[in-house]
Structures are given as structure tokens and as C-alpha cells.
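# Understanding the architecture of this molecule
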Amino acid sequence: MDVFAEKQKCRLAVKNTIAKLTPAQKGLESAMKCAEFIRSDVFLRANIIFGFMPMNDELDVLPILRTALEQEKKVLLPKIRDSAYMDFYFVKEDLYRETEKSVYGMYEPFSKENPARFEKIVESCSLDEILVLVPGRAFGRDNSRLGRGKGYYDTFLRELSHFYKENGGHDAEKRPFYIGVCYDCQIFDSVPHAANDVFMDFLI
């Protein structure tokens, strides 16, 4: 079986597994994982967080984003630009008042301002102060990631890594932390991946 077929098979299996979780199970696991992450050194040290508005079958990361805003950290949310790319916009105060449900079924910023620029973010803080929360369909304990198949995050993360390689100076081999976000039932020893798929640094 080729990698594409393996990915499709894994996506379907995990989708069916998540569908069996009750709202109470999802809520409890989300709350426990967010509470633990909020207490972590990685979160406490962060000043900028690339987040996302979770869909019904994704771990609810809203407590992380709300706590970040309360602590005056900068939070960005994605908005799909076209069939291959997405941009990120700063959220100032309220996650729902500053977003709207898109044709893709998820909440996106409705800001009329220009999207955030990598160079402005780099100027504002050091690399270990920038976190990227990354959703996915499945993850491996080896930090491999399987997305939903559209490639938005793989494209974005490769762009971000390339930017740091080109503009990072003495930190050219470094980049922000990529953090996979998922339920326990989405974690395997490894998931099907190709050579150009982006790996995480660790998982929530």
C-alpha cells in the first residue's frame, strides 16, 4: 500500500474512533490537557501563540487561547486564503466576537486588517517565545503528523521554517515550537508520512 492510501485508511479509522467519544469524554480530556499545558514552562515562557478555533472533532484548545489573552500574550488565528494557503490574524480580546463561521465549517478571523507578517513577529520576541498549536487527524509518538488531507498546515509550517532558515541569522537552524494537539485516541507509535511532511516538537 502506498503512503497516500495508508494515510486515507488511517484518517478514516481515527475519524470513526473520535466519533465514538461522548461530549463528556471530549470535554474532560480537553480540560485536563489544557490545564496541564497552561502550567508548563513552554506556555509560561511564550509571548506569541499561533492557535486555531477547534472543530467539533478536535481537542478544545480555547482555554489555552483565553488564558493567553488574559495574560496579555499575543494570539493569532488562521484564515484560509485559497486552495493551498492560509494567513494568520491577531485576536485582540474575544475569540468568538472576532471570528465568524466560514464556508469550510470553522471559525476564522473576519478582520479587515492585513494578515500578520513573519518578520514583524520575529522582531518582537525570541524563538522560544513563539508556539504553534497544530491540529491533525492523527499523530505519532515519534512526532509524525497526519493532517486532514488538504495540506494547509504542512504548507504553512514549511513556509515558517523556510523563513527562519533564510532570516534567522545565527538561529537559522531553529524555529518556533510546533505542538501537536489531539486526543489520546489519535496517538500511535507513528503515522503514515512522506518525506516532505512536517514533524512536531511534542504533543499535547
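The structure this text deals with has already been given above.
What you see is a predicted model; the values in this text were computed from it and never measured. (Residues numbered from 1 in each chain as written. Predicted model: local features only at pLDDT ≥ 70, side-chain atom pairs only at ≥ 80, totals over all residues. Heavy atoms only, no water.)

Over its 16 residues, helix α2 (residues 23-38) runs 22 Å from end to end, which matches the ideal 22 Å to within 8%, given 1.5 Å per residue. Those residues of α2 not exposed but buried are K26, E29, S30, K33, C34, F37 and I38. One side of α2 carries all its buried residues, which in axial view fall inside an arc of 155°. Exposed and oriented more than 90 degrees from the buried face of α2 are A24, L28, M32 and E36. For α2, the secondary structure elements touched by its buried residues are α3 (41-45), α4 (62-70), β6 (130-134), β9 (177-180) and β11 (202-203). (Helix = DSSP H or I, 4+ residues; strand = E, 2+ residues; numbered from the N terminus. Expected span 1.5 Å × (residues − 1). Buried < 20%, exposed > 50% of the residue type's maximum accessible area, 1.4 Å probe, protein only. Arc of directions from axis to C-beta. Contact = heavy atoms within 4.5 Å.)

Attention now moves to the nonpolar core. The biggest cluster of nonpolar side chains holds 51 residues, and the ones touching the most others in it are F37, F50, I64, L65, L133 and F156. Residue contributions to this core peak at seven residues, all from helix α6 (residues 152-167). The next biggest cluster of nonpolar side chains, apart from the first, holds six residues, and it includes C10, V14, I18 and L146. (Core = buried A, V, L, I, M, F, W, Y, C linked by side-chain atoms within 4.5 Å.)

Once that is clear, we can look at the side chain of D57. For D57, the location among the structural elements is in the loop between β1 (48-50) and α4. Side-chain polar atoms of D57 contact the side chain of R137, separated by 3.1 Å. (Polar contact = N/O pair within 3.5 Å; in protein donor to acceptor, adjacent residues only side chain to side chain.)

Here we take up the pattern of salt bridges. Counted by the stated rule, this structure contains ten salt bridges. For E29, the salt bridge is made with K33, and the minimal N-O distance between the two is 3.1 Å. Of this pair, E29 and K33 both sit in helix α2, four residues apart, which is roughly one turn of the helix. K33 sits in the buried class, given a relative accessible area of 12%. Across the pair D154 and R145 runs a salt bridge, and its minimum N-O distance is 3.9 Å. Each member of the salt-bridge network shares a partner with another, and the members are D57, E58, R137 and R148. (Salt bridge = Lys/Arg side-chain N within 4 Å of Asp/Glu carboxyl O.)

A large share of strand β3 (residues 86-91) lies buried, amounting to five of its six residues. The pairing of strand β2 (residues 74-80) with β3 spans six bridges and is antiparallel. Each bridged residue has a counterpart across the sheet, and for P78 the counterpart in β3 is F88. The antiparallel hairpin formed by β2 and β3 contains five residues in its connecting segment. (Pairing = 2+ DSSP bridges.)

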